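Letter by letter, the chains look like this.
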Amino acid sequence: LPEVDLALNPAVGESAPVRTTLVPLDRGGVCTDPATYEGAQAGTIAAVEHSWDEGLVLPVTLPEQEGFFALCAVVEDDYAGAATVIFEVDRTPPIFPPGASVEHIGDGNLVVSPFLNPPELSTVRFTWVPGDVQCPPTSEFRDFFVVPLTLEADQLPATYCIYGLDQAGNTTDVVRIPLPG
């Protein structure tokens, strides 16, 4: 779950009552509207000396519905000074399948470079296995960093397995790319 850390400016006092609520971001000024806080969670927010000090940490349960949401927080009835944290809920898998280019670099060696297409394919996870076989469970995959995979001739044939993730962490299906010897 994402978390939000709320802190009070010490100039306001040592602590103050705070109300928080997560609402659809369907109009401007949603967090400055007193009606937003009807039935809102109440708590106490403490003043902090430094901006890095922990205040009131709230776990945020995001809705299943996709869209933009605002976590609103108001101290007492200071609606003009309400805090807003915006979340985008994206539960849709990427629209593009993952893929990779395979380049022969001489002496039977290969370089495999995955395709990225942000924000839909922001990163990929991959693995490779010897032979022309099925892909292992995704728990055995590793994150792709800038350096592509190089396989030497004696490591071929092999199977390159890849899946993509969008910026929200939604995954594609695993794609299997045979690498002939």
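Residues numbered from 1 in each chain as written. Predicted model: local features only at pLDDT ≥ 70, side-chain atom pairs only at ≥ 80, totals over all residues. Heavy atoms only, no water.

Chemist: Please explain the packing of aromatic side chains as it appears in this structure.
Modeler: Two measures describe an aromatic ring pair: the distance that separates the ring centres and the angle between the ring planes. As enumerated under the stated definition, the model contains 4 aromatic pairs in all. Relative to Y79, the ring of Y37 has its centre 5.7 Å away and its plane inclined at 40°; by these criteria the two rings are tilted. Of the two residues, Y37 is situated in the loop between β2 (15-24) and β3 (41-46) and Y79 in the loop between β5 (67-75) and β6 (83-89); the sequence distance between them amounts to 42 residues. Like Y79, Y37 is buried. Seen from their ring centres, F126 and F144 are 6.5 Å apart, and the 70° between their planes marks the pair as edge-to-face. Of the two residues, F126 sits in strand β9 (residues 123-130) while F144 sits in the loop between β10 (142-143) and β11 (149-151), which places them 18 residues apart along the sequence. Side by side, F126 and F144 carry an identical accessibility label, which is buried. Joined through ring pairs, the aromatic side chains of F126, F144 and Y160 make up one cluster. (Phe/Tyr/Trp six-rings, centres within 6.5 Å; stacked < 30°, edge-to-face > 60°. Helix = DSSP H or I, 4+ residues; strand = E, 2+ residues; numbered from the N terminus. Buried < 20%, exposed > 50% of the residue type's maximum accessible area, 1.4 Å probe, protein only.)

Chemist: Even after reading the chapter, I still don't get the nonpolar core, so can you show me in this structure?
Modeler: Nonpolar side chains tend toward joint burial in soluble globular proteins. Of all hydrophobic cores here, the largest spans 14 residues; its most connected members are Y160 and L179. Put simply, the parts of the chain that give this core at least two residues each are β8 (109-114), β9, β11, β12 (158-165) and β13 (175-179). The dominant element in this core, judged by the number of residues it contributes, is β12, at 3 residues. Here Y160 is in contact with A100, V112, P114, F126, T127, W128, L149, V175, R176, I177 and L179, once residues within four sequence places are set aside. Formed by 11 residues, the second largest nonpolar core is a distinct cluster that contains L8, I45, V60 and L71. (Core = buried A, V, L, I, M, F, W, Y, C linked by side-chain atoms within 4.5 Å. Contact = heavy atoms within 4.5 Å.)

Chemist: When you look at the environment of V4 in this model, what are you seeing that I'm missing?
Modeler: Mapped onto the elements, V4 comes out in strand β1 (residues 3-6). Linking V4 and V85, residues 81 residues apart in sequence, is a C-alpha distance of 8.1 Å. Apart from residues lying up to four places away in sequence, V4 is in contact with L56, V57, L58, V60, L71, V85 and F87.

Chemist: Just to check I follow, could you spell out the sheet that holds strand β7 (residues 100-106) for this structure?
Modeler: The pairing of strands in a sheet comes from backbone hydrogen bonds and takes either a parallel or an antiparallel form. Ordered by their spatial adjacency, 3 strands build an open sheet running β7-β8-β11, and the pairing between neighbours is antiparallel. Lying at the two open borders of the sheet, with one neighbouring strand each, are β7 and β11. Neighbouring strand axes in the sheet, compared pairwise and without regard to direction, differ in orientation by 20° on average. Here β7 runs beside β8; their pairing, made up of 6 bridges, is antiparallel. Its bridge partner lying in β8, S101 is registered against S113. (Pairing = 2+ DSSP bridges. Axes fitted to C-alpha atoms, helices over the stretch in contact; angles between N-to-C directions.)

Chemist: It is not clear to me how a nonpolar patch on the surface should be interpreted in this structure. Could you clarify?
Modeler: On the surface, L25, F68 and I86 cluster together into a nonpolar patch covering about 280 Å² of accessible area. Structurally, the position occupied by L25 is in the loop between β2 and β3. Take L25: its relative accessible area is 32%, and that puts it in the partly exposed class. (Patch = residues over 30% accessible without salt bridge, like charges linked within 9 Å, V, L, I, M, F, W, Y side chains within 5 Å. Areas by Shrake-Rupley, 256 points an atom, 1.4 Å probe, with all protein chains shown as cover. Salt bridge = Lys/Arg side-chain N within 4 Å of Asp/Glu carboxyl O.)

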